[in-house]
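# Summary of structural features
Listed below, chain by chain, are the residues.
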Amino acid sequence: MAEARQAVGFRHSLTSDGADAELGGPVLQEVYLSGLRSWKRHLSRFWNDFLTGVFPASPLSWLFLFSAIQLAWFLQLDPSLGLTEKIKELLPDWGGQHHRLRGLLAAALFASCLWGALIFTLHVALRLLLSYHGWLLEPHGAMSSPTKTWLALVRIFSGRHPMLFSYQRSLPRQPVPSVQDTVRKYLESVRPVLSDEDFDWMAGLAQEFLRLQGSLLQWYLRLKSWWASNYVSDWWEEFVYLHSRNSLMVNSNYYMMDFLYVTPTPVQAARAGNAVHALLLYRHRLNRQEILPTLLMGMRPLCSAQYERIFNTTRIPGVRKDHIRHLRDSRHVAVFHRGRFFHVGTHSQSGLLSPRALEQQFQRILDDPSPACPHEEHLAALTAAPRDMWAQVRRSLESQAEDALEAVEGAAFFVSLDSEPAGLTREDPAASLDAYAHALLAGNGHDRWYDKSFTLIVFSNGKLGLSVEHSWADCPTSGHMWEFTLATECFQLGYSVDGHCKGHPDPSLPPPQRLHWDLPDKPGPCLETSTATSFPSPTSARASSNAATSPPTASSRWPCSWPTSGGRFCLTYESTMTRLFLEGRTETVRSCTREACHFVRAMADKEKTVGDPQCQALFRLAVDKHQALLKAAMSGQGVDRHLFALYIVSQFLHRQSPFLEQVHSEQWQLATSQIPVQQTHLFDVHNYPDYVSSGGGFGPVDDHGYGVSYIFMGDDTITFHISSKKSSAKTDSHRLGQHIEDALLDVASLFQEGQRLKRGRRGLGQEDSGSRGGSLPCHTRGSRAPTPSANF
């Protein structure tokens, strides 16, 4: 075996003449430097944790307080009211010559106790202030006097120069809504999609639940809310993600795209070098907590707990339940290319490798002509298998290829150097975007390690992408990292004229280490099953609108396109965040409301004229309703997470509830999500409109449904990512994309400026009517390529 031969060679080199003289110095130096780096990391983390714990105060405030106490003593004043003298009496008596030292030590202890009490008071006061959510209910553009007062107090108690985790101790806990309110909101949400008979039956189940079980289950949730950091988030991670036995591919993971219209360099190794360096710079800032916490309105902090597991994280499969393994540090990445695995170190004795040095290492992998070993090429397909199956095979890998498996699972992240190009092409934009999104979400099924927190994908033409495992965090967290990566590798690191990374190669670097897997000659059934899996394919669509829109407005339009897509009104899942609370994750906005349905029916009425006042009024009612649901969900008053937690408690207590069973058997045929742009200062949308992220997408939730992701790119462009399964005859992503575009234009026509846009777009559509089967011509303001609305 190759592993044994490498061991013999290493052993022989140590017994050769002169080995002690050659290795003694460097080994001792590396041991010394390794220990020094370790202590630096520990001290840095201790100092960061200390600064986070005392925020919004600072160590200088303790020194100021101690100096003030000493000044008061000098002026014959006792601000401690005798407590300092009592502390001095409790200290050991070291003799008369140390009397002044005892006084200083007693004053320091009193100052520390007073300082700690003040910090605790600040934390409590800030937590109480952050529990106020009245600002969410303010109408757009207006602010009441209580909200202005609240903002002023938050500004006073928030301190200056916060670090990433500075506000964690001050964030309020997510409240448990009233069970009566949750049931009422649930019945209201399903009313538009149920017949009168079905609704009456569901309302009867709800009343029975409130009468027999609601109070008891609610009591347990309230108890947990007082004891745990969050009453629902840990159960959400455990039961929704880690207990799931389905394949991660398509069912759980999601993807992020590169710039849509530009590629900074066509050199694959160079793009990989800059991207990996930028990601590791982000990790360095993350470890030092130099990333600023996300603030709403520039004042209200969001929970930063999800940032802790971005790097050095792997989801480990189990027979019944997975678990997340997170390492404090990792100094290498695992790389996959043409069926082979490599260990690439990211640091030298002097620190992080330069982008040019990383490019050199990746180019060595690309130039390596060695073939893949038998079954090694399809090994990563195991991570796409059902989790219990993969867990069983992984046990044998742990004993047969422990070092190689540890190199992959212990890496900072996974890198896939694909052999094919990807990205938007002018010749066939719809098909090229289909292929690009499919490659990011599923690849060929065996070129992504789906267990890693994320996989960086670098295509042969220099295009980038990200495949993200979902259990450890939600999209805004990985999106924040991805925005930093794209901006840093393109604008700050940059490339030379010939497309290579700036700087010079380092010929002294050892080549990347090839990983060797001791695999059986005959593959097991798990590997055969994984490689034979049929993969659905995602698509991307791009639409532009001049109508004034906001994220809630766009979300309220989903029902507009759904009936015209050949279906009926259905439950619609719109994800929002609950990170206003400690360890909050997501909540569901049930956006198919009665108000939205009334608006859709009015728009479908052919007797209505363009700009009809009734349609405008119904549109505003639908938007107002959606915004109210969104704000309620963000403030912890949503429906679905509360019902989920009640269901989990009922299972623990072995109390069956027909109502909760029915709720959790519902199918979400339309799942939607917005990807927020969080760091607008990193991109100049007006001067460089091509250099903006085009967002990402995810697979459909239902076999006969759609997954729709969208991102606002500047002021006049929305990018949609639409997914559906090819196995379903009821869905067609191209068709839905066209209906979404038509619905956006119909809504825009309600307003004067939108009428001109619609006339212009309709005229272009008639001129290019022959291309309806492929790409959709959407030459609107700022567009440089046809807008594809593709099929998944």
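Here the structure is a predicted model, which means the values were calculated and not measured.

Cut-offs applied
Residues numbered from 1 in each chain as written. Predicted model: local features only at pLDDT ≥ 70, side-chain atom pairs only at ≥ 80, totals over all residues. Heavy atoms only, no water. Axes fitted to C-alpha atoms, helices over the stretch in contact; angles between N-to-C directions. Helix = DSSP H or I, 4+ residues; strand = E, 2+ residues; numbered from the N terminus. Parallel < 35°, antiparallel > 145°, perpendicular 65-115°, else oblique. Left-handed = near helix turned anticlockwise from the far one by under 90°. Contact = heavy atoms within 4.5 Å. Nonpolar A, V, L, I, M, F, W, Y, C, P; charged D, E, K, R; others polar. Buried < 20%, exposed > 50% of the residue type's maximum accessible area, 1.4 Å probe, protein only. Phe/Tyr/Trp six-rings, centres within 6.5 Å; stacked < 30°, edge-to-face > 60°. Expected span 1.5 Å × (residues − 1). Bend = angle between axes of the 7 residues up to and from the residue. Pairing = 2+ DSSP bridges. Polar contact = N/O pair within 3.5 Å; in protein donor to acceptor, adjacent residues only side chain to side chain. Patch = residues over 30% accessible without salt bridge, like charges linked within 9 Å, V, L, I, M, F, W, Y side chains within 5 Å. Areas by Shrake-Rupley, 256 points an atom, 1.4 Å probe, with all protein chains shown as cover. Salt bridge = Lys/Arg side-chain N within 4 Å of Asp/Glu carboxyl O. Core = buried A, V, L, I, M, F, W, Y, C linked by side-chain atoms within 4.5 Å. pLDDT = per-residue confidence, 0-100.

## Examining the packing of helix α10 (residues 268–287) against helix α11 (residues 355–367)
Running from N to C, α10 and α11 point in directions that differ by 135 degrees, and their axes come no closer than 8 Å. On the basis of their axis angle, the class for α10 and α11 is oblique. Handedness of the crossing formed by α10 with α11: right-handed. Here α10 contributes Gln268, Ala269, Ala270, Ala272, Gly273, Asn274, Val276 and His277 to the contact with α11, which in turn contributes Pro355, Leu358, Glu359, Phe362, Gln363 and Leu366. For the contact of α10 with α11, the per-class residue count stands at 8 nonpolar, 5 polar and 1 charged.

## Regarding unusual backbone geometry
The backbone of Val250 shows a phi angle near 70 degrees, a positive value even though the residue is not glycine. Within the fold, Val250 resides in the loop between α9 (233–242) and β1 (254–257). Taking the relative accessible area as the measure of exposure, Val250 reaches 5% and is therefore buried.

## Side note on the packing of aromatic side chains
Pairs of aromatic rings are described using the distance from one ring centre to the other and the angle between the two planes. Taken as a whole, this structure holds 30 aromatic pairs when the rule is applied. Relative to Phe341, the ring of Phe336 lies with its centre 5.0 Å away and its plane at 70 degrees, an arrangement referred to as edge-to-face. The class for Phe336 is buried, based on a relative accessible area of 5%. Relative accessible area serves as the criterion here: at 0%, Phe341 is assigned to the buried category.

## A look at helix α15 (residues 475–493)
With 19 residues, α15 extends 25 Å between its outermost C-alpha atoms, agreeing within 8% with the 27 Å of an ideal straight helix rising 1.5 Å per residue. At Ala487, α15 shows its maximal bend, which comes to roughly 25 degrees. Most of α15 sits out of view: 16 of its 19 residues are buried.

## What to know about the sheet that holds strand β12 (residues 464–468)
Pairing in this open sheet of 8 strands is mixed, and the strands run β13-β7-β6-β10-β11-β12-β1-β18 from one edge to the other. Of all strands in the sheet, those bounded by a partner on one side alone are β13 (513–514) and β18 (696–698). Pairing of β1 with β12 involves 4 bridges; the strand directions are antiparallel. Opposite Met257, over in β12, you have Gly465 as the bridge partner. Across the sheet, helix α14 (residues 429–441) touches β1, β11 (454–458) and β12, and the angle it forms with β1 is around 130 degrees.

## Some details on the pairing of β12
Burial analysis of β12 places 5 of its 5 residues in the buried class, which makes it a mostly covered element. The alternating pattern of β12 places Leu464, Leu466 and Val468 on one face and Gly465 and Ser467 on the opposite face, and all of these are buried. Where β11 and β12 come together, 5 bridges link them in antiparallel fashion. Following the sheet pairing, Phe454 is matched in β12 by Val468. Taking the residues that link successive antiparallel strands as the turn, the β11-β12 hairpin has 5 residues, and the phi of Gly462 there is positive, at about 90 degrees.

## Examining the side chain of Thr588
Within the secondary structure, Thr588 is located in strand β16 (residues 586–590). With relative accessibility at 5%, the residue Thr588 sits in the buried group. At 3.4 Å, the side chain of Thr588 and the side chain of Tyr573 are in polar contact. Here Arg641 takes part through its side chain, which lies 3.1 Å from a polar atom of the side chain of Thr588. Beyond its immediate chain neighbours, meaning those up to four positions away, Thr588 contacts Tyr573, Glu574, Ala633, Asp640, Arg641 and Trp668.

## Things to note about the pairing of β1
Residues Tyr254 and Met256 of β1 are buried on one face, and the alternating residues Tyr255 and Met257, pointing to the opposite face, are buried as well. Where β1 meets β18, 3 bridges bridge the pair, whose relative direction is antiparallel. Each residue of the ladder has a partner; that of Tyr255, found in β18, is Gly697.

## Describing the packing of helix α7 (residues 179–190) against helix α8 (residues 196–227)
Here α7 crosses α8 at 160 degrees, and the two axes come no closer than 10 Å. Put simply, α7 runs roughly antiparallel to α8. For α7 against α8, the interelement crossing comes out right-handed. From α7, Val179, Gln180, Val183, Tyr186, Leu187 and Val190 reach across to α8, where they touch Phe199, Met202, Ala203, Ala206, Phe209, Leu210, Gly214 and Gln218. Here the contact of α7 with α8 is built from residues that sort into 11 nonpolar, 3 polar and no charged.

## Quick look at a nonpolar patch on the surface
Together, Leu71, Phe74, Leu75 and Leu77 make up an exposed nonpolar region whose accessible area comes to about 460 Å². Note that Phe74 resides in helix α3 (residues 59–74).

## Structural notes on the nonpolar core
Phe413, Leu456 and Phe659 are the most contacted members of the largest nonpolar core, which has 95 residues in total. If sequence neighbours within four positions are ignored, Phe413 has contacts with Val276, Leu279, Leu280, Phe311, Val333, Ala334, Lys452, Phe454 and Leu456. Formed by 20 residues, the second largest nonpolar core is a distinct cluster that contains Phe341, Ala404, Phe414 and Leu515.

## Points about the confidence of the model for the chain
The predicted model of the chain has a mean per-residue pLDDT of 81, with 80% of residues at 70 or higher. Scored below 50 in pLDDT, residues 1–31 shows 10 contacts in the model against residues more than four places distant or in partner chains. Predicted confidence for residues 764–792 stays below pLDDT 50, and this span has 77 contacts to residues more than four positions away or in other chains.

## A word on the pattern of salt bridges
A complete count under the given rule lists 29 salt bridges for this structure. Residue Asp196 pairs with Arg191 through a salt bridge whose shortest N-O separation is 2.4 Å. Of the charged contacts, one joins Arg394 and Glu398 as a salt bridge, the two residues approaching to 3.2 Å between their closest N and O atoms. Taken together, the residues Arg394 and Glu398, both in helix α12 (residues 387–400) and 4 residues apart, mark about one turn of the helix. One network of salt bridges, in which partners are shared, links Arg245, Arg315, Asp322, Arg387, Asp451 and Glu469.

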